[in-house]
Amino acid sequence: MRTVSIVGGGIGGLVLALELERHGIRSLIYEAAPRLQALGVGINVLPHASAVLAGLGLEEQLTDRAVLTREAAFYNRFGQHIFTEPAGRWAGHDHPQYSIHRGDLHSLLVDAVRRRCGSDVIVTNSRLDRVREVGDRVELRFVDDNGDPLDPVVAESVVGCDGIHSVIRKTLHPDEGPARYSGVMMWRGVAAHPGFLSGATMVRAGWLQPGKLVTYPIRTGLPDGLQLVNWVAEIEMPRRGERDWQRRGQLADFAGRFADWRFDWLDVPQLLGRSEQILEYPMIDQDPLPFWSRGRLTLLGDAAHPMVPRGSNGAGQAILDAEALARHLARTDDTAQAFAAYEDERRQVTAAVVRMNRAEPPDAILRTVYERSGDAPVRTMSDIVTEAEAQAITGRYLKVATTRSPAPDPSASLPGAGTRERNEEPQ
Ligand SMILES: Cc1cc2nc3c(=O)[nH]c(=O)nc-3n(C[C@H](O)[C@H](O)[C@H](O)COP(=O)(O)OP(=O)(O)OC[C@H]3O[C@@H](n4cnc5c(N)ncnc54)[C@H](O)[C@@H]3O)c2cc1C
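Values in this document were obtained by computation on a predicted structure and should not be read as measured data. (Residues numbered from 1 in each chain as written. Predicted model: local features only at pLDDT ≥ 70, side-chain atom pairs only at ≥ 80, totals over all residues. Heavy atoms only, no water.)

## A few points about the UniProt feature "domain: FAD-binding" (unreviewed entry) in the protein chain
As recorded in UniProt, the sites labelled "domain: FAD-binding" (unreviewed entry) are residues 3-355. Taken end to end, residues 3-355 comprises 27% helix and 30% strand; its first and last C-alpha atoms sit 34 Å apart. (UniProt positions renumbered as here; feature names shortened; annotations may be inferred. Helix = DSSP H or I, 4+ residues; strand = E, 2+ residues; numbered from the N terminus.)

## Describing the packing of aromatic side chains
On inspection of all chains with the given rule, the structure shows 11 aromatic pairs. Here the aromatic rings of Trp187 and Phe254 are separated by 5.0 Å at their centres, their planes lie at 15°, and the arrangement is stacked. Of this pair, Trp187 sits in strand E13 (residues 180-193) while Phe254 sits in the loop between strand E16 (227-236) and helix H6 (268-273), and the two are 67 residues apart along the sequence. The pair Trp187 / Phe254 is uniform in exposure class, with both members buried. Ring geometry for Phe258 against Trp261: centres 4.8 Å apart, planes inclined by 70°, an arrangement best described as edge-to-face. Both residues of the pair, Phe258 and Trp261, count as buried. An aromatic cluster is defined as three or more aromatic residues linked by ring pairs; in this entry it consists of Tyr75, Trp187, Trp231, Phe254, Phe258, Trp261, Phe263 and Trp265. (Phe/Tyr/Trp six-rings, centres within 6.5 Å; stacked < 30°, edge-to-face > 60°. Buried < 20%, exposed > 50% of the residue type's maximum accessible area, 1.4 Å probe, protein only.)

## Re the nonpolar core
Grouped together as the largest cluster of nonpolar side chains are 63 residues, with contacts concentrated most on Leu16, Leu53, Leu58, Leu105, Leu109, Leu140 and Ile168. Contact partners of Leu58, with chain neighbours within four places excluded, come to Leu18, Leu53, Leu108, Leu109, Ala112 and Arg116. By size, the runner-up hydrophobic cluster in this structure holds 33 residues, among which are Val184, Val190, Leu366 and Val369. (Core = buried A, V, L, I, M, F, W, Y, C linked by side-chain atoms within 4.5 Å. Contact = heavy atoms within 4.5 Å.)

Next up, the structure:
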């Protein structure tokens, strides 16, 4: 029985193992962390990716642990309402939008992998250090948490799900240019807090120069009727530090921007002040790659297409990749052919999301209001921006963000219509 080696037991790697199992394909996951822990803060899974998780039979568990997001609401930094639109099932989708603690999502997936694929399928304390293609096999060299080398592994095929600092991406693209800082620093945290608005509203408020806040509940049923509320403070400023999801931040470094954000629907200084732990992260992405696969090596999720977290789409795109890759592997025993078909399906559409997150993320309506109002309170919001304009912006984003595969190419069936060439990114 063939075995797919997955490097990285994050969201993408775990969903890939579950999808492969569904198709009767064995996998082994090599994860750098010595122990699997519930790390991170809030994360969103949009309906297109929820559909994949539902297909894996995880809907009930997700519904138990997550908040089913009811609406997305936009405000200026004076707490004045701009626009609200329904989300998930409330917007007519077949599946919900989940707002969930990344640790809850991760541990739910880990449990499912261990139950369905076997308790020994996830090999922890194995950080990939080097990859080498040897004939029709791939040699993987790992180190443990102390940096000591482990016995090499010879794999039939390898999927790099090793996230933003992917070793496999660097192996395939040793001369890739530097990552691109978007000019925005973000601080993230969670706090036990009373619900606000509908109790399941995702709020985006303000704009990046003075300060922007994204906040939404990710867990209900805390003592005293509280919810676990996730928040992200985003400020345009010079870059501080490296990309590290776990790097600690300080309230004092950014909270001043939000000191007077006391609205009748939310007291922002109080929310920020209740947080136990604050994380700091520079918003960085990388230009889309000209290819993801070589022979028996390919990339998936953040390793393939790191994007700025502006559209709630990082986890979702990794989940869609996993579904597509497993489907193509199930269709043929020729791994290289399956990798090429997977890349054909997913590389262009994820590149479009990377670019859309840069140019026109769903919160672009906030920039419009900021610029047209001169960053001042407004008398009547509809004089500044119409609902139709706001809907057009979020609608354009969703169209790109929820596309699963490219539109059929009429030339695809013509002789000589090569896959790699056809999909080459404009530079
Ligand atoms: C600790 C952590 C916390 C995060 N917190 C948040 C958050 O709060 N909100 C949010 O929106 N997103 C967060 N993310 C990112 C988010 O999970 C991803 O953007 C998204 O889910 C895509 O998933 P992925 O599987 O591609 O990458 P990830 O989920 O990042 O998974 C990558 C995995 O690869 C492992 N890995 C890395 N290098 C190696 C190596 N050399 N060898 C073996 N294994 C390796 C990592 O330990 C990790 O488990 C976090 C990621 C991590 C790793």
